[in-house]
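If you want the building blocks of each chain, they are given just below.
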Amino acid sequence: MKEKVGILTSGGDCPGLNAAIRAIVKSGYEKYGMKFIGFKNGFRGLIQNNFVELFPEMVSGILTHRGTILGTSRDKPHRFPENGVNVDKTEEAIKNYKRNKLDTLICIGGGGTLKNAYYLSKAGINIITLPKTIDNDIPKTDSCIGFDTALGIATDAIDRLHSTAMSHDRIIVIEVMGHRAGWIALGAGLAGGADIILIPEIPYDIKKCAKAIIKRKKSGKLFSIVVVAEGAMSKSQHKILSELACKKEKFVSKSEKIKAKQKLVEFHKEHLSHTLVITRQLEELTKMESRLTILGHLQRGGTPSAYDRIIATRIGTAATQFVSAGKYGVLVGLKEDKAFPIPIEEIVGKINFVPQNHPWIISAKETGIFLGD
Ligand code: F6P
């Protein structure tokens, strides 16, 4: 009996998802004679049994296509929104997995997807996950599908903003994605020759940032490029956040935990406009005209880069090898271009932060980029 495999894409979309779907279906069908169905809109499709059959002809030509042919959502089986409340739909997911006589479910996604996959795996589903996130924050793998394309888009934007900053003698603040890890900001800032890069891993002091800009101005550089990760925070914000997070973990009383959790949510909501605040603060402190550009979802659109197509294909074909070998409960990681299985339980809930001594950090500092601290 040949294996029957379900595929879904979950979480934020990104370039390279279709390349991965294509690689799974083509390699699984040709090499192992596997059958495939694709659930629509992430875990929602699994819960609602909404799927399409996938054949090699259907995925032919999608290598270069943006988005995901399956659609995606951030829905979670264990907290599925129904009539305004979250309901545990794990049983429903298992029922549909069995009803379709699946042997494996391949989930392509980031940190949230890993959590969903972990719970389903514990509930008895044979799961294989593929790392996909422009944020590049999945631990233990060298590469995540989507990151390279996003890095290219952000770098291109910095290049374009450079010339206008220069022409007008302005400060231009560029907000890029990365709410927990600063890989895009650091990488694109390095590649685009930013003057200041602010990432969540290094809390910043706005006065020191302003000083760095004024020093630059005095040396004859009349403009500055400031690249900020959406999750970057000032030293004082970082202190508040750490205290709240600590309360959420430590306090025994349930009501206090709930209060801390609510405050954390509020903090993140308020934090949304923080790059506008940074821009205004820099204008005020330096007396230089300042502008803000938020790249937002532009970073998740468009054609995948050559590298993202290659890794999506590498990880996708490795996934069908793992299905055939019965290696379940794993994420397909890449190290020096070798695909290898990482047990989901080893990485679930963990984040691949930028290490303080990462070579990109060292090179940034050595080329005169100010990192905010
Ligand atoms: O895919 C990850 C990510 O790009 C984060 O950096 C960002 O905070 C988030 O997605 C926003 O996604 P959405 O608007 O789709 O919820």
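Residues numbered from 1 in each chain as written. Predicted model: local features only at pLDDT ≥ 70, side-chain atom pairs only at ≥ 80, totals over all residues. Heavy atoms only, no water.

This part is about the overall build of the protein chain. Within the protein chain one finds 14 helices and 13 strands. Taking 21 Å as the expected radius of gyration for a compact globule of 373 residues, we find that the protein chain reaches 22 Å, a close match to that expectation. Taking all contacts inside the protein chain whose residues are at least 6 apart in sequence as the whole, residues at least 24 apart take part in 74%. Here the protein chain has roughly 17500 Å² of accessible surface; of this, 53% comes from carbon and sulfur atoms. Within the protein chain, the 38 negative side-chain charges are centred at a point lying 3 Å from the centre of the 54 positive side-chain charges. (Helix = DSSP H or I, 4+ residues; strand = E, 2+ residues; numbered from the N terminus. Rg over C-alpha atoms; globule rule 2.2 N^0.38 Å. Contact = heavy atoms within 4.5 Å. Areas by Shrake-Rupley, 256 points an atom, 1.4 Å probe, with all protein chains shown as cover. Lys, Arg positive; Asp, Glu negative; His and termini not counted. Charge placed at Lys NZ, Arg CZ, Asp CG, Glu CD.)

Turning our eyes to something else, we now look at the pairing of strand 13 (residues 338–343). Pairing of strand 12 (residues 330–335) with strand 13 involves 6 bridges; the strand directions are antiparallel. Along strand 13, the bridge assignment pairs V332 with P341. Between strand 12 and strand 13, which follow one another and run antiparallel, lie 2 residues, and E336 among them has a positive phi close to 45°. (Pairing = 2+ DSSP bridges.)

For the rest of this paragraph, the subject is the site of the ligand. Residues in contact with the ligand, as listed here, are R74, I134, D135, M177, G178, H179, E230, H297 and R300. One of the side-chain N or O atoms of R300 is found 2.8 Å from an oxygen atom in the ligand. Expressed as a share of its isolated accessible area of 400 Å², the protein-covered part of the ligand is 73%. Looking at the shell around the ligand, its residues break down into 2 nonpolar, 3 polar and 4 charged. Summarising the domain contributions, the shell around the ligand has at least three residues from each of domain 1 (4–145 + 304–347) and domain 2 (151–300). (Near = heavy atom within 4 Å. Polar contact = N/O pair within 3.5 Å; in protein donor to acceptor, adjacent residues only side chain to side chain. Nonpolar A, V, L, I, M, F, W, Y, C, P; charged D, E, K, R; others polar. Domains from an automatic or database assignment.)

As a further point, take the sheet that holds strand 6 (residues 104–109). The sheet built from 7 strands is open, its strands ordered 3-2-1-6-7-12-13 with mixed pairing. Bordering the open sheet on either side are strand 3 (51–54) and strand 13, each of which pairs with just one other strand. Across the sheet, the axes of successive neighbouring strands diverge by a mean angle of 30°, strand direction being ignored. The pairing of strand 1 (residues 4–9) with strand 6 spans 5 bridges and is classified as parallel. In the strand pairing of strand 6, T9 is matched with I108. This element, helix 1 (residues 17–32), spans strand 1, strand 2 (35–39), strand 3, strand 6 and strand 7 (127–131) of the sheet and lies at about 155° to strand 6. (Axes fitted to C-alpha atoms, helices over the stretch in contact; angles between N-to-C directions.)

Within the element layout of this structure, T141 appears in the loop between strand 7 and helix 6 (147–168). Of note is the side chain of T141, whose polar atom sits 3.0 Å from the backbone oxygen of S143.

Before going further, it helps to spend a moment on the packing of helix 1 against helix 12 (residues 306–325). Where helix 1 meets helix 12, the closest approach of the two axes is 8 Å, and the angle between their N-to-C directions is 40°. Judged by the inter-axis angle, helix 1 sits oblique to helix 12. In this structure, helix 1 crosses over helix 12, and the sense of that crossing is right-handed. Between helix 1, through A19, A20, A23, I24, S27, G28, K31 and Y32, and helix 12, the contact on the second element is made entirely by R309, A312, T313, G316, T317, T320, Q321 and S324. By residue class, the composition of the contact of helix 1 with helix 12 is 6 nonpolar, 8 polar and 2 charged. (Parallel < 35°, antiparallel > 145°, perpendicular 65-115°, else oblique. Left-handed = near helix turned anticlockwise from the far one by under 90°.)

What follows covers the domain arrangement of the protein chain. The domains assigned to the protein chain are domain 1 (4–145 + 304–347) and domain 2 (151–300). The distance between the C-alpha centroids of domain 1 and domain 2 comes to 32 Å. Every contact between the two is made by 9 residues of domain 1 and, on the other side, 9 residues of domain 2. Summed over both partners, the interface of domain 1 with domain 2 comes to about 790 Å²; 50% of that surface belongs to carbon and sulfur atoms. It is I134, D135 and D137 in domain 1 that bury the most area against domain 2; as a group they hold 59% of the surface buried on that side. Run the count over domain 1 and domain 2 and you get 2 salt bridges. The salt bridge involving D13 is made with R300; its shortest N-O contact spans 3.2 Å. Linking domain 1 with domain 2 are 3 residue pairs in polar contact (both at pLDDT 80 or more), by the criterion used here. Of the residues that constitute the side of domain 1 that touches domain 2, the class distribution is 3 nonpolar, 2 polar and 4 charged. (Buried area = accessible area lost by both parts, 1.4 Å probe. Salt bridge = Lys/Arg side-chain N within 4 Å of Asp/Glu carboxyl O.)

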